[in-house]
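Listed below are the residues making up each chain.
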Amino acid sequence: MKNVLYTDDAVAGEAAGIGMGLLCCGTGSDKAQEMLAYAHDTQHEKIIRGLAMGLALISYGIEEAADTLIEQMSREQDPILRYGAMYVLGLAYRGTGNNAAVQRLLHFAVTDVSDDVRRAAVLCLGFVLMGAPEQCPKIVLLLAESFNPHMRYGAAMAVGLACAGTGLREAVSLLEGMLNDNTDFVRQGASIALALVLGQQPESVVEPFRKKLMKSITNKHEEVMARMGSIMAAGILDTGGRNTNIGLRSGSGYFRRTSVVGLAVFTGYWYWYPLSYFLSLSLAPTALIGLDKHLKPPKVQLACNARPSLFAYPPPVTTEASKEVTKVEKAVLSTTARAKERQKKKDAEKQKQEAAAAGKDGKADAG
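Note that the structure is predicted; figures quoted are calculated from it, not measured.

## Comments concerning the overall build of the chain
For step 1, the next point in the chain: Tallying secondary structure elements over the chain gives 18 helices and two strands in all.
For step 2, the next point in the chain: Taking 367 residues into account, the globule formula puts the C-alpha radius of gyration at 21 Å, and the chain, at 32 Å, lies well above it.
For step 3, the next point in the chain: Judged by the C-alpha coordinates and their principal axes, the chain covers about 130 × 65 × 40 Å.
For step 4, the next point in the chain: Within the span of the chain, comprising 367 residues, buried residues form 44% of the whole.
For step 5, the next point in the chain: If you take every contact in the chain between residues at least 6 apart in sequence, the share linking residues at least 24 apart comes to 68%.
For step 6, the next point in the chain: For the chain, the exposed area adds up to about 20,800 Å²; of that, 55% sits on carbon and sulfur atoms.
For step 7, the next point in the chain: Averaging the locations of the 41 positively and 37 negatively charged side chains of the chain gives two centres separated by 9 Å.

## Some words on helix 5 (residues 67–74)
For step 1, the next point in the chain: Of the positions making up helix 5, those classed as buried are Leu69, Ile70, Met73 and Ser74. Around the axis of helix 5, the buried residues are gathered within 120° of arc, so they sit on the same side.
For step 2, the next point in the chain: In this structure, the buried side of helix 5 is in contact with helix 3 (31–41), helix 4 (45–58), helix 6 (79–92) and helix 7 (99–111).

## Observations regarding unusual backbone geometry
For step 1, the next point in the chain: Even without being glycine, Arg242 reaches a positive phi, approximately 65°.
For step 2, the next point in the chain: Relative to the helices and strands, Arg242 is located in helix 16 (residues 239–242).
For step 3, the next point in the chain: For Arg242, a relative accessible area of 23% corresponds to the partly exposed category.
For step 4, the next point in the chain: With a phi angle near 60°, Leu295 is a residue other than glycine that sits in the positive phi range.
For step 5, the next point in the chain: For Leu295, a relative accessible area of 64% gives the class exposed.

## Some remarks on the confidence of the model for the chain
For step 1, the next point in the chain: Model confidence for the chain is summarised by a mean pLDDT of 89, while 93% of its residues fall at 70 or above.
For step 2, the next point in the chain: When pLDDT is averaged over each element of the chain, helix 8 (residues 115–123) comes out on top at 96 and helix 18 (residues 334–366) at the bottom at 76.

## Considerations on the pattern of salt bridges
For step 1, the next point in the chain: Taken as a whole, this structure holds 13 salt bridges when the rule is applied.
For step 2, the next point in the chain: Between Glu207 and Lys211 there is a salt bridge; the shortest N-O distance is 3.8 Å. You can see Glu207 and its partner Lys211 sitting in helix 14 (residues 203–218), four residues apart, about one turn around the helix.
For step 3, the next point in the chain: The class for Glu207 is partly exposed, based on a relative accessible area of 37%.
For step 4, the next point in the chain: By sharing partners, the salt bridges in this structure join Glu203, Arg210, Asp238 and Arg242 into a single network.

## Quick look at the nonpolar core
The tendency in soluble globular proteins is for nonpolar side chains to be buried as a group.
For step 1, the next point in the chain: Met86, Tyr87, Phe127 and Phe209 are the most contacted members of the largest nonpolar core, which totals 101 residues.
For step 2, the next point in the chain: In terms of residues, this core owes the most to one element, helix 6, which gives 10 residues.
For step 3, the next point in the chain: Residues contacting Phe209, with those up to four places away along its chain left out, are Leu179, Ser191, Leu194, Ala195, Leu198, Ala233 and Leu237.

## Here we look at a nonpolar patch on the surface
For step 1, the next point in the chain: A surface patch of nonpolar side chains, amounting to about 410 Å² of accessible area, comprises Leu288, Val300 and Leu302.
For step 2, the next point in the chain: Inspection of the secondary structure puts Leu288 in the loop between strand 2 (283–285) and helix 18.
For step 3, the next point in the chain: Judged by relative accessible area, which is 79%, Leu288 ranks as exposed.

## Observations regarding helix 15 (residues 224–237)
For step 1, the next point in the chain: Counted at 1.5 Å a residue, the expected span for helix 15 with its 14 residues is 20 Å, and the 20 Å between its end C-alpha atoms agrees.
For step 2, the next point in the chain: Along helix 15, the residues that are buried comprise Ala226, Met228, Gly229, Ser230, Met232, Ala233, Ile236 and Leu237.
For step 3, the next point in the chain: The secondary structure elements touched by the buried residues of helix 15 are helix 13 (184–197), helix 14, helix 16 and helix 17 (257–266).

## A look at the state of the cysteines
For step 1, the next point in the chain: Taken as a whole and assessed by the stated rule, the structure comprises zero disulfides.
For step 2, the next point in the chain: Of all cysteine sulfurs, the one in Cys24 lies closest to Cys25, which takes part in no disulfide; the gap is 9.2 Å.
For step 3, the next point in the chain: Classification of Cys25 by relative accessible area gives buried; the value is 8%.
For step 4, the next point in the chain: Cys124 takes part in no disulfide bond, and the closest cysteine sulfur to it belongs to Cys136, at a distance of 11 Å.

Quick notes on the rules
Residues numbered from 1 in each chain as written. Predicted model: local features only at pLDDT ≥ 70, side-chain atom pairs only at ≥ 80, totals over all residues. Heavy atoms only, no water. Helix = DSSP H or I, 4+ residues; strand = E, 2+ residues; numbered from the N terminus. Rg over C-alpha atoms; globule rule 2.2 N^0.38 Å. Buried < 20%, exposed > 50% of the residue type's maximum accessible area, 1.4 Å probe, protein only. Contact = heavy atoms within 4.5 Å. Areas by Shrake-Rupley, 256 points an atom, 1.4 Å probe, with all protein chains shown as cover. Lys, Arg positive; Asp, Glu negative; His and termini not counted. Charge placed at Lys NZ, Arg CZ, Asp CG, Glu CD. Arc of directions from axis to C-beta. pLDDT = per-residue confidence, 0-100. Salt bridge = Lys/Arg side-chain N within 4 Å of Asp/Glu carboxyl O. Core = buried A, V, L, I, M, F, W, Y, C linked by side-chain atoms within 4.5 Å. Patch = residues over 30% accessible without salt bridge, like charges linked within 9 Å, V, L, I, M, F, W, Y side chains within 5 Å. Expected span 1.5 Å × (residues − 1). Disulfide = S-S within 2.5 Å.

Shown next as structure tokens:
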């Protein structure tokens, strides 16, 4: 991967930076300083951004051991490296709810001059607060009303990441209000975040949101970014044939590294759409599959007192049958009618004159 990185090709270099982070994820490897040094040498923003994400992945879960790297990157003049520092901070303290980490992210969210850094700072609050999702909507509430659309987007995504798969009422209430934001990419983030929160919720809860998404998708006058967010949200609601959900924790209660890492790289779709496929790393099956000692399905009967509609799949999308086109009578303007009337009068007078002239000629011939 280092050989690919050193070719200084923009796209391949970005992928190599992320790949090195995935290989060394959570190790706190000394390769971080080497990656940071190359980020200073290259002129390609894509490579710098890939290395920044790779550094964040290397720092996954190491908490205080990442403080030196965070301090170093947050003082850089390059806003892309400061952007990376926010991800290093968020992933290093993922799910801890560390007060110092939250305060530092809030500090950068309101003081940094780069919108990208401010957006990343607010977004990474979602990683730090994953362990206490009910706290995230309260902390980002004021940021969700900021005049800066990048901070509003970050607030929406922070709630979506922290409360993914929970169906938390406070999170849903906050995000529903942001679906009507004036800025297209804020509506995009709100749609994606709300889909993350409402995964595997009863269809009675999801149905109003699903209708809004379909209205946005079919509206030809909707902005492209907002429509893309609606399409992605519709896909997230139906992941795995509606049999998977965002699984941040394992059965024993520990955070699933692949899930958190998948969500972190997924947020990079802002710059490079192919990174959206990393969302699949965060999915966990929700189907109940029973097997006997021979790994064959046993013959059992299960009693369920809930109504079947509570767990039923939503009906498939249907397209309206094409209606026969009926011929519509053309509207006749009053000016057109008057012009035709005048033309008729002219034609009638002309015919009279021609008839009179013909009569005179006939009398002359007879004389």
